[in-house]
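Letter by letter, the chains look like this.
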Amino acid sequence: MVLNQLTITRPDDFHLHLRNGASLKAVLPFTMKQFGRALIMPNLSPPVTNIIEVWAYHREIMDAFISEEVIFQPLMTIYLTDSTTPKDIEEVKRSGFVLATKLYPVNATTNSAHGVTDIKKLAPVFEKMAEVGLILCIHGETLVSEEFGDVTRNGQVGQLRRESVFIKETLSWIVETFPTLKVVLEHITTGEAVDFVINAREGVSATITAHHLLATLDDALGSHHYKCMPVLKEENHRQVLLAAATSGNPRFFAGTDSAPHAKSKKETACGCAGCFTALHAIELYATAFEEMGAIDNLEGFLSHFGADFYGLERNQKTLTIKREEWIIPTEVPFGEGEVLVPFWGGKTLSWKVDWKSCLFLMFTKHSKMKNNQNLYPHKGCRFLILKNSIKYYFYQYIYRIIIVKLSIHIFWSM
Ligand code: NCD
Ligand code: ZN
């Protein structure tokens, strides 16, 4: 019998880029419409590296809500750098406000220039994370390797092999050295990653994007709009990813990695990497699951396994999708005169989120949210923010005095 309608627990997106300013306001409603929660990536420019910045970013997201009554909850992350310390991790954990840290190897992707140059040097940070129970989300790609890189190219690792080299050289080390650290290998793209996650110890999971389930390297070679990090791989890898995502194995769950970039920034000589899928993420995943005849396993992947892994309650509300043909728009506004090109823009999809269930969810009063401690900084965190702000302004003040005195000195000695 053909299934024409499916109602599932409201899903969560465990890997989302919202950006900030006008761009944030343009893309956030799409995620709020379909998801109960989303894990917000910290790779802004400059990145979100400490508790004060996370708090400010969280505030900005909350202020961009279209209604106070929405039940969407942004889950926050911080960006690890070479200078992150175990003390930072303690502060972040104490705030009760941040769910995970994000590890970007330096220059691996968009806004990763402040990423980590020598991952093994962060051992004390990982140890502290394991101790306090903070999850490590990883962009798993190695750009340069003595052992696995191309000798003829100064040890650079080709794009198609970056994930598997990372698994061999770095991920295995992290997973073995910190046996209680919970780790998510983000946006996996290869058979090697699937094998690693299936066979790893407890506490190792992976997110899978809709675009890696639906498109391949051939698409990326044909259009800027398929450019993303890690790059799309060949069909054999896509098949392994599809099998993993639809298998019902709770180690694999949804993280869209929806990464909006203005059309003008994608359609240039070396366009920005990132596919925008927040608009139609659920429908895209449904399409992939249907391709495998596994629509029954969609709910676990979208709504249960991620929440369980992160130790969160599953969402209470539901979301309905219906069998209905619609054409993905080729452009959507992206603030300040810019537009975005959604992944697969112009194609026809045969599943559609039922807007009635979204509107209901978005505008119903939800008293629980108002009392939800996770949404607003704890007392302890407020104190920390106050303390750090005073410290920050004090240093700013001293710094300004020094600059003024120095300028006067230089001026008079000229
Ligand atoms: C992401 C972005 O644009 O922020 N880009 C991407 O291609 N996925 C960063 C990332 O997750 O790698
Ligand atoms: Zn991402």
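These numbers were taken from a predicted model, which means no experiment stands behind them. (Residues numbered from 1 in each chain as written. Chains lettered and ligands numbered in written order. Predicted model: local features only at pLDDT ≥ 70, side-chain atom pairs only at ≥ 80, totals over all residues.)

Peer 1: I'd like a description of the site of ligand 1, backed by residues and values.
Peer 2: Residues in close proximity to ligand 1 include His-17, Asn-43, Thr-109, Thr-110, His-139, Cys-228, Met-229, Asp-257, Ala-259, Ala-273 and Gly-274, which together make up its full environment. A class-by-class count of the residues in the shell around ligand 1 yields four nonpolar, six polar and one charged. (Near = placed C-beta within 6 Å. Nonpolar A, V, L, I, M, F, W, Y, C, P; charged D, E, K, R; others polar.)

Peer 1: Describe the pairing of strand β3 (residues 37–40), and please don't skip the residues or the numbers.
Peer 2: Going residue by residue along β3, you find Arg-37 and Leu-39 tucked away on one face and Ala-38 and Ile-40 tucked away on the opposite face as well. Summarising the sheet, strand β2 (residues 12–16) and β3 pair through three bridges and their orientation is parallel. Bridge pairing in β3 places Leu-16 opposite Ile-40. The parallel pair β2 and β3 is bridged by helix α1 (residues 21–34), and the resulting crossover is right-handed. Here β3 pairs with strand β4 (residues 73–79) via four bridges, running parallel. Bridge pairing in β4 places Ala-38 opposite Pro-74. (Buried ≥ 20, exposed ≤ 12 C-beta atoms within 10 Å, placed from the backbone. Helix = DSSP H or I, 4+ residues; strand = E, 2+ residues; numbered from the N terminus. Pairing = 2+ DSSP bridges. Right-handed = clockwise from strand over helix to strand, strands pointing away.)

Peer 1: Describe the sheet that holds strand β8 (residues 204–208), and please don't skip the residues or the numbers.
Peer 2: Taken together, the eight strands give an open sheet; going across it, the order is β2-β3-β4-β5-β6-β7-β8-β9, and neighbouring strands pair in parallel fashion. A single partner strand is all that each edge strand has here, and the edge strands are β2 and β9 (252–254). Averaged over neighbouring strand pairs, the angle between their axes works out to 30° when direction is ignored. For strand β5 (residues 98–103) and strand β6 (residues 135–138), the ladder comprises four bridges, and the chain directions are parallel. Within the sheet, the bridge partner assigned to Ala-100 lies in β6 and is Ile-135. (Axes fitted to C-alpha atoms, helices over the stretch in contact; angles between N-to-C directions.)

Peer 1: Break down the environment of Gly-155 for me, citing the residues and quoting the values.
Peer 2: Within the secondary structure, Gly-155 sits in the loop between β6 and α5 (162–177). Spatially, the C-alpha atom of Gly-155 lies 8.4 Å from that of Leu-143, the residues being 12 residues apart in sequence. Not counting residues within four places of it along the chain, the set of residues in contact with Gly-155 comprises Val-144, Ser-145, Glu-146 and Gly-149. (Contact = placed C-beta atoms within 7 Å.)

Peer 1: Describe α1, with residues and values.
Peer 2: Residues that lie three or four places apart on an α-helix share one face, since the helix turns once every 3.6 residues. By the largest-angle criterion, Leu-28 marks the main kink of α1, which is about 30°, and a proline, Pro-29, follows within four residues. Regarding α1, the residues found buried are Leu-24, Lys-25, Ala-26, Val-27, Leu-28, Thr-31, Met-32, Lys-33 and Gln-34. (Bend = angle between axes of the 7 residues up to and from the residue.)

Peer 1: Please set out the sheet that holds strand β13 (residues 348–353) residue by residue, giving values where relevant.
Peer 2: Reading across from one edge, β1-β10-β13 is the order of the three strands in this open sheet, with antiparallel pairing throughout. Each end of this open sheet is capped by a strand with a single partner; those strands are β1 (5–9) and β13. Neighbour-to-neighbour, the strand axes of the sheet open up by a mean angle of 35°, direction not taken into account. Sheet analysis places β1 next to strand β10 (residues 318–327), joined by five bridges and oriented antiparallel. When the bridges of β10 are listed, Thr-7 appears paired with Thr-320.

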